[in-house]
There are 4 protein chains.
Amino acid sequence: MAGNTFGQLFRITTFGESHGIAIGVILDGCPAQLPIDLDFIQSELDKRRPGQSKITTQRKESDTVQILSGVFEGKSTGTPIAMLIPNEDQRSKDYNHNTDVYRPSHADYTYDAKYGIRDHRGGGRSSARETAARVAAGAIAKLLLKHHGIEIFAHVSSVGHIQAPNLTHDNIDELLTTREENIVRCADPATAHQMIEFIDGIRKDGDTVGGKISCIIKNCPVGLGEPVFDKLHADLGKAMLSINAVHGFEYGSGFAGSEMRGSEHNDIFLVNEGQPKTLTNFSGGIQGGISNGMEINFSVAFKPVATIMHNQQTINAAGEAAEIKGKGRHDPCVVPRAVVIVEAMAALVIADQLLRSKTNKLD
Amino acid sequence: MAGNTFGQLFRITTFGESHGIAIGVILDGCPAQLPIDLDFIQSELDKRRPGQSKITTQRKESDTVQILSGVFEGKSTGTPIAMLIPNEDQRSKDYNHNTDVYRPSHADYTYDAKYGIRDHRGGGRSSARETAARVAAGAIAKLLLKHHGIEIFAHVSSVGHIQAPNLTHDNIDELLTTREENIVRCADPATAHQMIEFIDGIRKDGDTVGGKISCIIKNCPVGLGEPVFDKLHADLGKAMLSINAVHGFEYGSGFAGSEMRGSEHNDIFLVNEGQPKTLTNFSGGIQGGISNGMEINFSVAFKPVATIMHNQQTINAAGEAAEIKGKGRHDPCVVPRAVVIVEAMAALVIADQLLRSKTNKLD
Amino acid sequence: MAGNTFGQLFRITTFGESHGIAIGVILDGCPAQLPIDLDFIQSELDKRRPGQSKITTQRKESDTVQILSGVFEGKSTGTPIAMLIPNEDQRSKDYNHNTDVYRPSHADYTYDAKYGIRDHRGGGRSSARETAARVAAGAIAKLLLKHHGIEIFAHVSSVGHIQAPNLTHDNIDELLTTREENIVRCADPATAHQMIEFIDGIRKDGDTVGGKISCIIKNCPVGLGEPVFDKLHADLGKAMLSINAVHGFEYGSGFAGSEMRGSEHNDIFLVNEGQPKTLTNFSGGIQGGISNGMEINFSVAFKPVATIMHNQQTINAAGEAAEIKGKGRHDPCVVPRAVVIVEAMAALVIADQLLRSKTNKLD
Amino acid sequence: MAGNTFGQLFRITTFGESHGIAIGVILDGCPAQLPIDLDFIQSELDKRRPGQSKITTQRKESDTVQILSGVFEGKSTGTPIAMLIPNEDQRSKDYNHNTDVYRPSHADYTYDAKYGIRDHRGGGRSSARETAARVAAGAIAKLLLKHHGIEIFAHVSSVGHIQAPNLTHDNIDELLTTREENIVRCADPATAHQMIEFIDGIRKDGDTVGGKISCIIKNCPVGLGEPVFDKLHADLGKAMLSINAVHGFEYGSGFAGSEMRGSEHNDIFLVNEGQPKTLTNFSGGIQGGISNGMEINFSVAFKPVATIMHNQQTINAAGEAAEIKGKGRHDPCVVPRAVVIVEAMAALVIADQLLRSKTNKLD
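Predicted model, so just to flag it, every value in this text is computed and none were measured.

A.B. asks: A description of the interface of chain C and chain D should follow, citing residues and the corresponding values.
C.D. replies: Chain C puts 106 residues into the contact, and the matching count from chain D is 105 residues. Carbon and sulfur atoms supply 58% of the area that chain C and chain D bury against each other, a total of about 8400 Å² over both sides. Taken as a group, Lys114(C), Phe229(C) and His247(C) account for 11% of the area that chain C buries against chain D, more than any other trio of residues on that side. The interface formed by chain C and chain D contains eight salt bridges. Of the charged contacts in the structure, one is a salt bridge between Asp235(C) and Lys238(D), with a shortest N-O distance of 2.7 Å. Split into classes, the residues belonging to the side of chain C that touches chain D amount to 41 nonpolar, 45 polar and 20 charged. In this structure, strand 11 (residues 246-251) of chain C lies alongside strand 11 (residues 246-251) of chain D, joined through three bridges in antiparallel fashion. Looking across to strand 11 of chain D, one finds that Gly248(C) is bridged to Glu250(D).

Here it is in structure tokens:
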């Protein structure tokens, strides 16, 4: 069973290689009658698109999405929604030098070992280009969530050692505006400035650096998440860990929670505007794997991009020593472009669990 | 689609409530002809069993497992292996006071909201008792991995602020022996001593504390993990996050990797004993979601147990203010008993991906 | 991926061998709050139970079902419902002579070839005893359907060449009463009498005979069935073909429809009591794979039971010629006991599609 | 869970409406290194293509397939293979008169009732045009089967009352040649002649007629099929019943087997060229749901096409009486074009079970 499908009821299957003809996605299970706003889908893709600023790769791709099926007169019909994103800049010769050489901390060796054959051009299927298909499908998930009043917001919370302060307010529209006003996509303008300077220096060094993205989900209905294996945070964790370069996931109190005492950590229940709420939110909006109506929050750690502009020792497919130097056009730091991917995957998880929750009780 | 099933080809479905008649599991997909060692399965359950030491809950359960099907003359037959663990100590009256009151940071409220009905006794389905079924199935997964030479080892790497040093050797048999010589299950005896003292103090305070478990997997074949969504670490992450009280997962360089540069983080390839290996292992044994033959390593963060022996303010199902005080028999720190659960879930993931890898290439 | 699971949202996984400790089932996905009537479940099992009349096997099994989980104070809780049916009459010695000999038209050879190991006692997993677990789960599906006003009725429509007339009325309660008044479970008393005589003669010959079961489903809501692969009749067909000894399935006009012209076969739409209905029902209540509100009807063909009391030539596992003579206690005709299995599988399919339909449209 | 996916390990997901931009398929799970012959895929599509002869619809579509991903230098890479078939002849105005009127025995009403929205153009998603995507994926399944020496052959065995004699030899290459020498695709030339005359008359009447397709699979390895629900014939049955217009499926002795006695029906084992074989083959090559090495055979019944060139009474979406007359370009008999669809779906099932069988036993 190959692993190119995600979700149970709101389910996507993606396809495509970095330098093939096209990449794309089939979304199966989108409820009928949802208005599908193509401009919105495209605007989401534009946030992930390469070449959007001086701190991203200069590879040129318009990433123009086309809907092939499943939408009629502007609305979903309940049938599969297929979306296609042609690959335009197939400058494969940049990658010809990599045919037989295993780039350090890339997937060249493991793909070769697993399949015995590999589309080496630009990383082939292992390229983060595949995530454009997720963003397209995630945009439709966002449209469904919006219909239900659920909001998602992610931003860059750290780059290297530069850490943004915790968010001090939760007006999603304002946060989005602030975030999009800087090219690193951090909702704190002062930190954003520092981050951009830092990344630019890294880029000039021919090096790369990691970072973190934090995400909040507001107005999630109580009751999403399926015990015991498909807990809401377990599905979110898998979704995030499936994004290229992610090495860690935590929600609520996260790793810091492992150092706390129960008497500090417990979220006391109270009633607020007639609804059960908690005084604190170390649970991150999820208890027993099920959303409790509080804000859901989580963080995702990205390792530094593996392609650097330095000479590196490595081996080739024959097991001989070789030397490699990055020549393609790559990102010095992946997190600014990954913000919308994190949101897309979160939206896909929430949409899926929303549909799954429709059958929890007798009606 | 309810979430009580885990795995694709080596697949478990668990059932049972904390204070019902029994809990259990069906394992479907175990290859035929595997010798099934019932004593080993029981010995694994004994490591998770309540009442095993002064720093665990004093609830009494022998957790005796019975195999109902799928094994003939000591070997798996390829048909479903059903295992049953009767609940013996159904002292439900301990929980009667909780019928209508929502315990802070438990799943009482969310289950009620999701299903509109709840088996309140001992947490019902949300109890960590369910994990015994996973341990039984995980033991069979370990037997399959052992057949293929793959070894798994987890231990308690932190309790509260007490952090064990990194493991300095990787002889699994020795590590297991050392770990089992102390009741906290830390492979560093000096740290273990500190941890036990600390937990004992916490227990006397009527409080609880969180901790971390670290796990390594040795001799994993190259090529396990299915791109793009079912990356090996994504499946491991989901498995871990599905364990009660887990709030975080990281592998390889983890969260610390988000602060590193590519030039530090890249794992240089070399050839060792004829096999491609890497000089460092910030990749945690997984590249592009596929095992690369190096040691796989990850860490799991557990929040403190929610049940404390203090008075706590809360609300009841009617939304009225209420007070609650833990009366049951609970763990001051969950990690010593969770070590075998982490191993079991890791074994289930590896077994599943091992089977899935059988069809990657033409034969 | 082993095949012991059926259904997507209302999903069962069965386990157990004919002469093992027990057989059973986990039902995952039953909506919470459904009243679970244990007596009804047992009464369904009684209709499948061996030894119930002179024209069934004389093997003695009470087939007493026990619910282990998922039900609290008489209602489903939304967690997995596990049910256990202990095997009582494990008279395995009857089968010792079959250890190495492949019984003609049984699964002995194919199981051996597939798995290289086989629980030969009573056919092991290949025994129709497994269907008792389906009947138990199907009974809960019936309870769910009843809650939604959907009714299912099956009966024996032919035995050998003896064919019952088509049903002339559709009062399910009356049909059920009439059917249960004879041991062959045909709703036409005169035909039933003939069938019983015929089967009794076959039994005295030490032979067996095939037959057909016809099923109708009333009050099925419009809109069940998921195009394009999970058409309602495709799911029903698979469900029926998964029952032991079934060799054919047809719905609506069935095989006879292949000889008709479109001008005869088309079901003209009209409005009846404000609802779209059709004048004829060659579509069998399903159009484009989706229920149209008319009565659903289908037929299932069963081959004759393979175990006969005659000497038969065969081979053993070593490929040597051997002779075999049935000694166990077997059915001369399987259809009277299979009626409730057909109903159970149909109920499982309808319940599953009913839940799946909850997410077809935006709400 | 929407139903546009088929298969477990060799898995397809199709998309597209009759008069949308394109239809297509993602095939996930094809083993790496399989040579992909695009010409062969196209030649299979040509057999299903409209406008191929006087007894098929005159709608013009070249049905030219394009591979978008998953193939590199002529071989599968183990990543998803996406294939696109643009819709050329989108002459939707032919269908404008059907916007609100429910065509008898079509899926117009049920789609409307299920989704509340419908792409009415040419039947939208319910059109048999979707099966072109299956044929493309099925062609790759055939390439995989060919690699393993497995052969599939289907032909038209009846049209209306005209029934072909049973096949008298089993040389697949010869049978294919004979079949393709006539436009009705019957392997018996004399019968083919009759069928063509008959269909041509039907066409001139503006009417349609049903028919049957029979299929054999040769050299299928012993051991395919997963008990208990995913029996090989249950998967084949579901595959066939998911094809538009299919109303019945039988394998081996089929419906006729329900009239036989066990003493006639049992297939006696013997050894032939060192392999266990059976003297007769009423089992249709499958015992206990598992292939036994004998020829697999089954038949599929198709109802007459619903679109006829006569005036028919019906209703519209408002529930008012309406009249309809077919105007589009439709097939008088669907079976000649469906032969390759039957083969494609059979190939997909066998490929899937072949991969699933790789993990049955310990290796």
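So that's the structure; there's more coming.
A.B. asks: An account of the sheet that holds strand 3 (residues 22-28) of chain A is requested, with residue identities and associated values reported.
C.D. replies: Consider a sheet: its strands pair through backbone hydrogen bonds, and that pairing is either parallel or antiparallel. Residue and element names in this part refer to chain A. Taken in spatial order, the five strands of this open sheet run 1-2-3-7-4, and their pairing is antiparallel. Either end of the sheet is taken by a strand with one partner, and the two such strands are strand 1 (5-6) and strand 4 (66-67). In this structure, strand 1 lies alongside strand 2 (residues 11-15), joined through two bridges in antiparallel fashion. For Phe-6, the partnering residue across the bridge sits in strand 2 and is Ile-12.

A.B. asks: Lay out helix 8 (residues 335-356) of chain A with the relevant residues and their values.
C.D. replies: Over its 22 residues, helix 8 of chain A extends 31 Å from the first C-alpha to the last, a length consistent with the 32 Å expected when each residue adds 1.5 Å. Most of helix 8 of chain A sits inside the fold, with 22 of its 22 residues counted as buried.

A.B. asks: Which residues make up the pattern of salt bridges, and what values go with them?
C.D. replies: Scanning all chains against the criterion turns up 114 salt bridges over all chains. For Lys204(B), the salt bridge identified is with Asp200(B), shortest N-O distance 3.2 Å. Remark: Asp200(B) and Lys204(B) occur in helix 5 (residues 189-204); sequence separation between them is four residues, near one turn of the helix. Here Arg134(C) and Glu130(C) are joined by a salt bridge, their closest N and O atoms 3.0 Å apart. Like Arg134(C), the residue Glu130(C) is buried in the burial classification. Each of the salt bridges in this network shares a partner with another, and the network as a whole consists of Glu44(A), Lys47(A), Lys142(A), Arg179(A), Glu180(A), Arg185(A) and Glu343(A).

A.B. asks: Which residues make up the relation of the copies chain B and chain A, and what values do they have?
C.D. replies: Taken as rigid bodies, chain B and chain A are interconverted by a rotation of 180° and an axial shift of 0.0 Å, the fit giving an RMSD of 0.0 Å. Taken together, the turn and the small shift mark the pair as related by a two-fold rotation axis. In this assembly the copies share their binding face: 100% of the residues contributing to the interface of chain B also contribute to that of chain A.

A.B. asks: So what's going on with the UniProt feature "binding site: FMN" (unreviewed entry) in chain A? Residues and values would help.
C.D. replies: Residues annotated in UniProt with the feature "binding site: FMN" (unreviewed entry) correspond here to Arg125(A), Ser126(A), Ser127(A), Asn244(A), Ala245(A), Gly288(A), Lys303(A), Pro304(A), Val305(A), Ala306(A), Thr307(A) and Arg329(A). These residues run over 205 residues, and the two farthest C-alpha atoms among them are 44.2 Å apart, placing them at more than one spot. Following the sequence through the fold, Arg125(A) ends up in the loop between helix 2 (108-115) and helix 3 (131-147). The class of Arg125(A) is buried, set by a relative accessible area of 3%. Those residues in contact with Arg125(A) that lie beyond four places of it in its chain are Asn4(A), Thr14(A), Phe15(A), Gly16(A), Glu17(A), Tyr111(A), Glu130(A), Val228(B), Thr79(D) and Pro80(D). Here Asn244(A) shows up in the loop between helix 6 (232-241) and strand 11 (246-251). Residue Asn244(A) is classed as buried on the basis of its relative accessible area, which comes to 18%. Residues within four places of Asn244(A) in sequence aside, it is in contact with Ser126(A), Ser127(A), Ala128(A), Thr131(A), Phe302(A) and Lys231(B).

A.B. asks: Before we move on, can you summarise the pairing of strand 18 (residues 321-325) of chain B with the specific residues and values?
C.D. replies: Residue alternation in strand 18 of chain B divides its side chains into a buried set, Ala322(B) and Ile324(B), and an unburied set, Ala321(B), Glu323(B) and Lys325(B). Counting the residues between successive antiparallel strands, the hairpin from strand 17 (residues 311-315) of chain B to strand 18 of chain B contains five residues, one of them, Gly319(B), with a positive phi of roughly 85°.

A.B. asks: Could you give me a rundown of the sheet that holds strand 10 (residues 211-218) of chain B, with the residues and numbers involved?
C.D. replies: Here 10 strands make up an open sheet; going across it, the order is 9(A)-8(A)-10(A)-16(A)-11(A)-11(B)-16(B)-10(B)-8(B)-9(B) and the pairing antiparallel. A strand with exactly one partner marks an edge of an open sheet, and here the two such strands are strand 9 (162-163) of chain A together with strand 9 (162-163) of chain B. Judged from the eight bridges that link them, strand 8 (residues 151-159) of chain A and strand 10 (residues 211-218) of chain A form a sheet pairing that is antiparallel. Paired with Ile152(A) across the strands is Ile217(A), a residue of strand 10 of chain A. Strands in contact with helix 8 of chain A are strand 8, strand 10 and strand 16 (296-302) of chain A; relative to strand 8 of chain A, the strand with the most contacts, it is inclined by about 145°. Strands strand 8 (151-159), strand 10 and strand 16 (296-302) of chain B of the sheet are contacted by helix 9 (residues 335-356) of chain B, whose axis makes an angle of about 145° with strand 8 of chain B.

A.B. asks: Tell me about the UniProt feature "binding site: NADP(+)" (unreviewed entry) in chain A, residues and numbers included.
C.D. replies: Residue and element names in this part refer to chain A. On the UniProt side, "binding site: NADP(+)" (unreviewed entry) is annotated at positions that read Arg-48 and Lys-54 here. You can see Arg-48 is positioned in helix 1 (residues 38-48). For Arg-48, the residues in contact, after removing those within four places along its chain, are Asp-63, Ala-128, Arg-129, Thr-131, Ala-132, Val-135, Arg-337, Val-340 and Ile-341. Engagement of the side chain of Arg-48 in a polar contact is seen with the side chain of Thr-131, the distance being 3.1 Å. Residue position: Lys-54 is located in the loop between helix 1 and strand 4. Dropping the residues within four chain positions of it, Lys-54 is found in contact with Ile-183, Ile-196, Asp-200 and Arg-203.

A.B. asks: For the packing of aromatic side chains, give the residues involved together with the corresponding values.
C.D. replies: What the rule picks out here adds up to 26 aromatic pairs over all chains. Between Tyr109(A) and Phe269(B), the ring centres sit 5.7 Å apart and the planes meet at 75°, which makes this aromatic pair edge-to-face. Pair noted here: Tyr109(A) is in helix 2 and Phe269(B) is in strand 12 (residues 269-272), and the two residues belong to different chains. Taken together through their ring pairs, the aromatic side chains of Tyr102(A), Tyr109(A) and Phe269(B) make up a single cluster.

A.B. asks: How would you summarise the environment of Thr110(D) if you had to cite specific residues and measurements?
C.D. replies: Along the chain, Thr110(D) turns up in helix 2 (residues 108-115). Setting aside anything within four residues of it in sequence, one finds Thr110(D) in contact with Gln287(C), Ile290(C), Ser291(C) and Asn292(C). At a separation of 2.9 Å, a polar atom in the side chain of Thr110(D) contacts the main-chain carbonyl oxygen of Gln287(C).

A.B. asks: Residue-level account of the side chain of Thr77(D), with values.
C.D. replies: Checked against the element boundaries, Thr77(D) lands in the loop between strand 6 (75-76) and strand 7 (81-86). Within the structure, Thr77(D) has its side chain in polar contact with the side chain of Thr79(D) (distance 2.8 Å). Those residues in contact with Thr77(D) that lie beyond four places of it in its chain are Tyr115(A), Ile117(A), Ala32(D), Gly70(D), Val71(D) and Phe72(D).

A.B. asks: Now, about the pairing of strand 16 of chain A: what can you tell me, with residues and values included?
C.D. replies: Residues and elements named next belong to chain A. Among the seven residues of strand 16, seven are classified as buried, and the element is accordingly described as predominantly covered. Both faces of strand 16 are covered, namely the face carrying Ile-296, Phe-298, Val-300 and Phe-302 and the face carrying Asn-297, Ser-299 and Ala-301. The pairing of strand 10 with strand 16 spans seven bridges and is classified as antiparallel. Opposite Gly-211, over in strand 16, you have Phe-302 as the bridge partner. Relative to strand 16, strand 11 runs antiparallel, the two sharing five bridges. Bridge pairing in strand 16 links Phe-249 to Val-300.

A.B. asks: Please set out the environment of His310(C) residue by residue, giving values where relevant.
C.D. replies: Residues and elements named next belong to chain C. Of note, His-310 is situated in the loop between strand 16 (296-302) and strand 17 (311-315). Between the alpha carbons of His-310 and Glu-295 there is a distance of 43 Å; along the sequence they are 15 residues apart. Engagement of the side chain of His-310 in a polar contact is seen with the backbone oxygen of Asp-205, the distance being 2.8 Å.

Rules used throughout
Residues numbered from 1 in each chain as written. Chains lettered and ligands numbered in written order. Predicted model: local features only at pLDDT ≥ 70, side-chain atom pairs only at ≥ 80, totals over all residues. Heavy atoms only, no water. Contact = heavy atoms within 4.5 Å. Buried area = accessible area lost by both parts, 1.4 Å probe. Salt bridge = Lys/Arg side-chain N within 4 Å of Asp/Glu carboxyl O. Nonpolar A, V, L, I, M, F, W, Y, C, P; charged D, E, K, R; others polar. Pairing = 2+ DSSP bridges. Helix = DSSP H or I, 4+ residues; strand = E, 2+ residues; numbered from the N terminus. Expected span 1.5 Å × (residues − 1). Buried < 20%, exposed > 50% of the residue type's maximum accessible area, 1.4 Å probe, protein only. Least-squares fit on C-alpha atoms with pLDDT ≥ 70 in both. UniProt positions renumbered as here; feature names shortened; annotations may be inferred. Axes fitted to C-alpha atoms, helices over the stretch in contact; angles between N-to-C directions. Polar contact = N/O pair within 3.5 Å; in protein donor to acceptor, adjacent residues only side chain to side chain. Phe/Tyr/Trp six-rings, centres within 6.5 Å; stacked < 30°, edge-to-face > 60°.

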